[in-house]
Structures are given as structure tokens and as C-alpha cells.
Amino acid sequence: MTASELASLLAELSSRSIAVLGDFCVDYYLTIDPTGSEISVETGLPTHAVREARLSAGGAGNVVANLAALRVGSIAAFGAVGDDPFGRELVGLLKSLGVDTGGLFEQRVGWHTSVYTKLYEGEHEHERVDYGNFNLLSPELVTALIARLEERIAAYDAIVINQQVRSGVHTPAFREALRRLIARHPDRIFLVDSRSFSDEYALAYRKLNSHEGARLCAIPSTPSQRIPRETAVGIAETLFRRWGRPLFLTRGEEGCLVRDENGLHEIAGLLIGGPTDPVGAGDAMLSGVAAALAAGASPRIAAELGNLAAAVTVRKLYQTGTASPEEILAIGSEPDYRYHPELASSRAAARLLPGTEIEIVTAPRPAAARP
């Protein structure tokens, strides 16, 4: 994708409409300053003194925030919040982004808004404090959520399905109702990003990382383990044969594999200097892919936009970052892609084309390429 094509695609997003259905969460950041600590009279233990506190939308909320940063024209949220201060703050945050929250229902019993409380002391992150791990979506809310989405579905160019937590909206009853809804609307683009249930949504596109893909293919792996390119290619091919729909297999700093009816496409990762923070990069990737698909782009082009959006967000430390069109254009006009040593042999080097897919050429490694 050239710089002018990228600019045209980004400009097109303002006329598109996307719905996001899933687990809406809050990321609650607390900056601890021990100089303000004191000994508790009640417990005799030192207190954690908070110098700064801030909230941001997490889970499906971060997907929405990324779509808003990309300036997608119309965004709607579908999910559940609790009758608690965090739920009210979350709804307010989304409304401030111009998001339609008419599909975000409040469940007053058996539900607490999902919150990830993150305590930072300098560069050290303390143990997280989580809310909402015992939620159970009511049958009434299952019916209401699906009915509200179906009532408005014709207005959306794409529907993103997010599953972040086991105790979220994706109960067995909800998953069954959602599968039936997808089957009733084969003309709609449904893009699923699910940590636990990717296998369950027939007829949907999927975005997943290589470790999630390995698990679905019964390949042993750990989160810290690098999955070789050959294995990742095998995962993409296996899952495409299983699902028969486009899929996006992300590989962290090594980019993304796209498998669709036109074959396998490899989108190289970008070289990023300095410290990075991967929190939220997957949501940025998902949002870029969804926005591009909604604008009529091919899966390969959609992955390129998602790749650029993720590259912007990983440079934003200690926050769940987003990527604006200006930031994407700044790195996308002349992107610096990673060299792929796995694709090289003693007489061949990997050269990256303007479209960012990989071509093997029998030539010396160009000076511009980097390890």
C-alpha cells in the first residue's frame, strides 16, 4: 500500500459505521508514590499513596477507543456494565468519544463492571486488582443484547465481536444466540477476536495471535515462547481449512499472516526503536483491520492498516494507547520493516516490497535492510 493509498483509505473511514459487541472493561491506572505513604493506625502496615489516578476504556472499550481515534464515522457499543461507579464512568467515557451506547445495558444484580486496577511505582507494576471475575449474564440480557444488535444491524458496515474474559457476556446461551444471528446475516462482516471461543463462530472472520492459534491446533506453546514462522504458516493454513473464512494471525513484532481465498499473505512487522509497551496492541490491530474491512479493503490491505496502528500504540508507555490517522501516516508513508532471516538462505535475501509482503530474490542483502 502506497502512501497515497493509505491516506485515501484513512479518509474513507469517516463515512463508515462499525458496531462492537463484547466485554467492556475499565483499565484503572494508579501511580504510587512511597514518599506519601504512612503507617495505617488500624493495621500497622504502610499504605500505598496514590499520586495520580486515571481511567481508560479496556477490552471492547479499547477497541471502540481505537476506532474513534481512527475517526470511523459511526461507532456503536453492545455489552453490559454494572450498577456501580466504574460502569457509569465507562459509559461517560464512551459517550465523550461520540459512541452510541444504546446497546450497552446495565445489569443490576450479579454483575460488576469489569475493572483491571494497575498499580505502578516508578517502572515497577504491582499485582493487579480485578473486579467482575464472578459475573453471570442474565438470560434477559442475552435476549436484549441480541435483539438490539439485530434491530440495528443493517446500519453497520462491520461488526466486531470481542471476548476478553471468561466471566463476560459470552455465556453458552449468548454464544448460541450470536451464532444464529451471524447465520441469519451472511452479507454482514463479522470479525471475531476471542481468547476462548474462536472455534465457535462459523461464517465470521477471525483475528487471533499465534499462541491462540497454536492452542486451537493442539500445538504446545507458552506465552513467552516464540512460534517459528513455519509453524505459524501451518497454523494459518489449518485454521483456514477448518473455518473457510479469512483469518488474521498476529505474530507480535514479526507482523501478521493473513489467509483468505486468495492464498497466504505475510505482513512484515515494523522496526521500532526504544522501549515499547505491548498493552493494547492487539486491540489497535483489530480496530485497524475492522475499519479497513468496513471501508471495503481486502483482508491483506486491512492487515497492513492494523499493523501500522499497532506499531503506533506500542510506543506509548504505561497506557492503553490508540493511533490517529496522522500518527499512522507518519510511519506508514515510509515504513521501516523488519528483515526476515528465516526467509533467507546462503544465496537469497528477503526484500520487502512496497505492499509489505515478502518476496525472495537472489541478490545480496540491500543496505537498507536491518537485522
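Coordinates for the structure precede this section.
Please read these numbers as outputs of a predicted model, since none were measured by experiment.

### Quick look at helix α9 (residues 299-313)
Piece 1. For α9, which comprises 15 residues, the first-to-last C-alpha distance of 21 Å matches the rise-based estimate of 21 Å (1.5 Å per residue) to within 8%.
Piece 2. Within α9, 14 of the 15 residues are buried, which leaves it mostly tucked inside the rest of the structure.

### A few points about the sheet that holds strand β5 (residues 100-107)
Piece 1. Taken in spatial order, the 9 strands line up as β5-β4-β1-β9-β10-β11-β12-β13-β14 in an open sheet, and their pairing is mixed. If you trace the sheet from one side to the other, it starts and ends with β5 and β14 (263-267), each paired once. Between one strand axis and the next, the sheet turns through 15° on average, direction left out of account.
Piece 2. With 4 bridges connecting them, strand β11 (residues 205-209) and strand β12 (residues 247-250) associate as parallel partners. Bridging across to β12, Leu208 finds its partner in Leu249.
Piece 3. Those strands touched by helix α2 (residues 60-69) are β1 (17-21), β4 (74-82) and β9 (158-163), and its axis lies near 165° from that of β1.
Piece 4. In the packing of helix α7 (residues 229-243) onto the sheet, contacts are made with β11, β12, β13 (256-260) and β14, and the angle to β12 comes to roughly 155°.

### Here we look at the nonpolar core
Piece 1. Counting residues in hydrophobic clusters, the biggest one holds 62 residues, and the most contacted among them are Ile18, Val20, Phe24, Leu94, Phe248 and Ile328.
Piece 2. By residue number, the principal contributor to this core is helix α8 (residues 281-294), which donates 10 residues.
Piece 3. Setting aside anything within four residues of it in sequence, one finds Val20 in contact with Ala60, Val63, Val64, Leu67, Ala76, Ala77, Phe78 and Val160.
Piece 4. Counting residues in each nonpolar core, the second largest holds 28 residues, with Ala19, Leu21, Phe174 and Leu181 among its members.

### Let's talk about the packing of aromatic side chains
Piece 1. Tallying each qualifying case throughout the model produces 4 aromatic pairs.
Piece 2. Look at Tyr28 and Phe86: their rings are 5.5 Å apart centre to centre, the planes differ by 65°, and that puts the pair in the edge-to-face class. Within this pair, whereas Tyr28 is found in strand β2 (residues 24-32), its partner Phe86 is found in helix α3 (residues 85-96), the two being separated by 58 residues in sequence.
Piece 3. Classification of Tyr28 by relative accessible area gives partly exposed; the value is 23%.
Piece 4. Judged by its relative accessible area of 16%, Phe86 is buried.
Piece 5. Feature note: the residues Tyr28, Phe86 and Tyr131 constitute an aromatic cluster, connected by ring pairs.
Piece 6. One Lys or Arg, Arg54, reaches over the ring of Tyr29 and ends 4.4 Å from the middle of that ring.
Piece 7. Here Arg175 stacks its cationic end above the ring of Phe197, 3.8 Å away from the centre of that ring.

Here is what the cut-offs are and how they apply
- Residues numbered from 1 in each chain as written.
- Predicted model: local features only at pLDDT ≥ 70, side-chain atom pairs only at ≥ 80, totals over all residues.
- Heavy atoms only, no water.
- Helix = DSSP H or I, 4+ residues; strand = E, 2+ residues; numbered from the N terminus.
- Expected span 1.5 Å × (residues − 1).
- Buried < 20%, exposed > 50% of the residue type's maximum accessible area, 1.4 Å probe, protein only.
- Pairing = 2+ DSSP bridges.
- Axes fitted to C-alpha atoms, helices over the stretch in contact; angles between N-to-C directions.
- Contact = heavy atoms within 4.5 Å.
- Core = buried A, V, L, I, M, F, W, Y, C linked by side-chain atoms within 4.5 Å.
- Phe/Tyr/Trp six-rings, centres within 6.5 Å; stacked < 30°, edge-to-face > 60°.
- Lys NZ or Arg CZ within 6 Å of the ring centre and 35° of its normal.

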